[in-house]
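Close look at the chain arrangement
Residue strings, one per chain:
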Amino acid sequence: MCYEKSLDKFGVKGTSCYIATSLGDTHILRFGDPNKKPLILFHGMTMSSTMWFPNMKELVQERCVYAVDVMGDFGKSKPTVAIKNRKMANQWMIEVLDGLELGKVDLGGHSMGGFLSLNFALGYPERVSSLVLYAPAGTFHKISYKFFIKIYPALLFHTESWIDRAFMWFSGKGEPLDPIFRTQVIAGYQHAKPLLQLMPSVFQDEEFRQFQVPTLLLIGDKEVIYPAEKAIANAKRIIPNIESHLIAGASHSLTMENADEVNALTIPFLKRVQI
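Keep in mind that what you see is a predicted model, and the values were worked out from it rather than measured. (Residues numbered from 1 in each chain as written. Predicted model: local features only at pLDDT ≥ 70, side-chain atom pairs only at ≥ 80, totals over all residues. Heavy atoms only, no water.)

1. What about empty space enclosed by the protein?
Here is the rule: A 1.4 Å probe that fits but cannot get out identifies a cavity on a 1 Å grid over protein atoms alone, an open set with protein on both sides within 12 Å along at least five of seven lines counts as a pocket, and a residue lines either if it has an atom within 4 Å of a point. Grid points are joined across faces, edges and corners, and a volume is the space filled by probe spheres set on the points. Elements are defined by DSSP. Helices are runs of H or I of four residues or more, strands are runs of E of two residues or more, and each kind is numbered from the N terminus. Three categories are distinguished: nonpolar for Ala, Val, Leu, Ile, Met, Phe, Trp, Tyr, Cys and Pro, charged for Asp, Glu, Lys and Arg, and polar for the others, with Gly belonging to the last.
Within this structure, the stated rule accounts for 2 cavities of 30 Å³ or more. In this model, the largest cavity occupies a volume close to 190 Å³. In terms of lining, the largest cavity is formed by 18 residues, of which the most central are M45, S111, F147, F170 and H252. Contributing elements (two or more residues each) for the lining of the largest cavity: α5 (145–157) and α6 (160–170). When the residues that make up the lining of the largest cavity are grouped by side-chain class, the tally is 12 nonpolar, 6 polar and no charged.

If you want it as structure tokens, here you go:
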């Protein structure tokens, strides 16, 4: 019920479906014209596809958007097997694309979703036409120990107080979550049983030797899970043609709290890679 209420915030009509995979049934939201080029989005950890509500109206102007509930996280997907490593994550994602009958796609993700997206682009570059990374977890810089100090009490104790503290820490503006979306997040922490066992890590330089996928990287200058400038510098070192932006005043919640700037940088990038 909380999930459906969050969908009302999108302001654009969508459809939903389940795709059967070897790891379980994957829930997917679709928005926009199915004749447009597909953009596949993966949400951050302990979230769901409803996190994209501040971005969808803009994104559907350029793409048909498929927002995927990550298997084993707090969305509506129904896992039968836990994702335990990068290889399993890629197997699941290729089965999702094949189930949707999609060939080459634009791929994007926030936090853990960004890690999963780049992992897939490294494993299946022939299926990815461009990559959009929003504050990807790990990936270009190891995660601060503070992340675990802040997030694990919320996962262990499930109280609204601990959950609010965790998301206030993520916030660049020190603001609570949107009330409707917050209700869904609270319900996820208190009632869901996450099965995602893969933790984000830093990719090795040698994995990028043949990497040629056009990539957009957006990180806020108030990022808390790692030093933003160092992460961008590492990304530019190993992906020389990457387009990167440090967004002023933004933290880990940039896609929601700084949606206008995020959308304004994402849409032109998608237009350029369309050519």
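2. So, the packing of aromatic side chains
For clarity, the threshold we go by: Pairing of aromatic side chains here covers Phe, Tyr and the six-membered ring of Trp, requires ring centres within 6.5 Å, and sorts the geometry by plane angle: under 30 degrees stacked, over 60 edge-to-face, intermediate tilted. Each residue's exposure class comes from its accessible area (1.4 Å probe, protein chains only) as a fraction of the maximum for that residue type: buried when under 20%, exposed when over 50%, partly exposed otherwise.
Within the structure shown, the criterion is met by 7 aromatic pairs. On the numbers, 5.8 Å between centres and 70° between planes, the contact of F42 with W92 is edge-to-face. You can see F42 sitting in strand β3 (residues 38–42) and its partner W92 sitting in helix α3 (residues 86–99), a full 50 residues away along the chain. Take F42 and W92: they sit in the same class, and that class is buried. Between the aromatic rings of W52 and Y134, the centroid separation amounts to 6.0 Å while the plane-to-plane angle is 55°, which identifies the pairing as tilted. With a gap of 82 residues between them, W52 in the loop between β3 and α2 (56–59) and Y134 in strand β7 (residues 128–134) connect regions that are remote in the sequence.

3. Here we look at unusual backbone geometry
Phi angles above zero are rare outside glycine, and S111 is one such case at about 55°. The residue T139 is not glycine, and still its phi comes out positive at about 70°. Structurally, the position occupied by T139 is in the loop between β7 and α5.

Interpretation in functional terms is not warranted from these geometric data alone.
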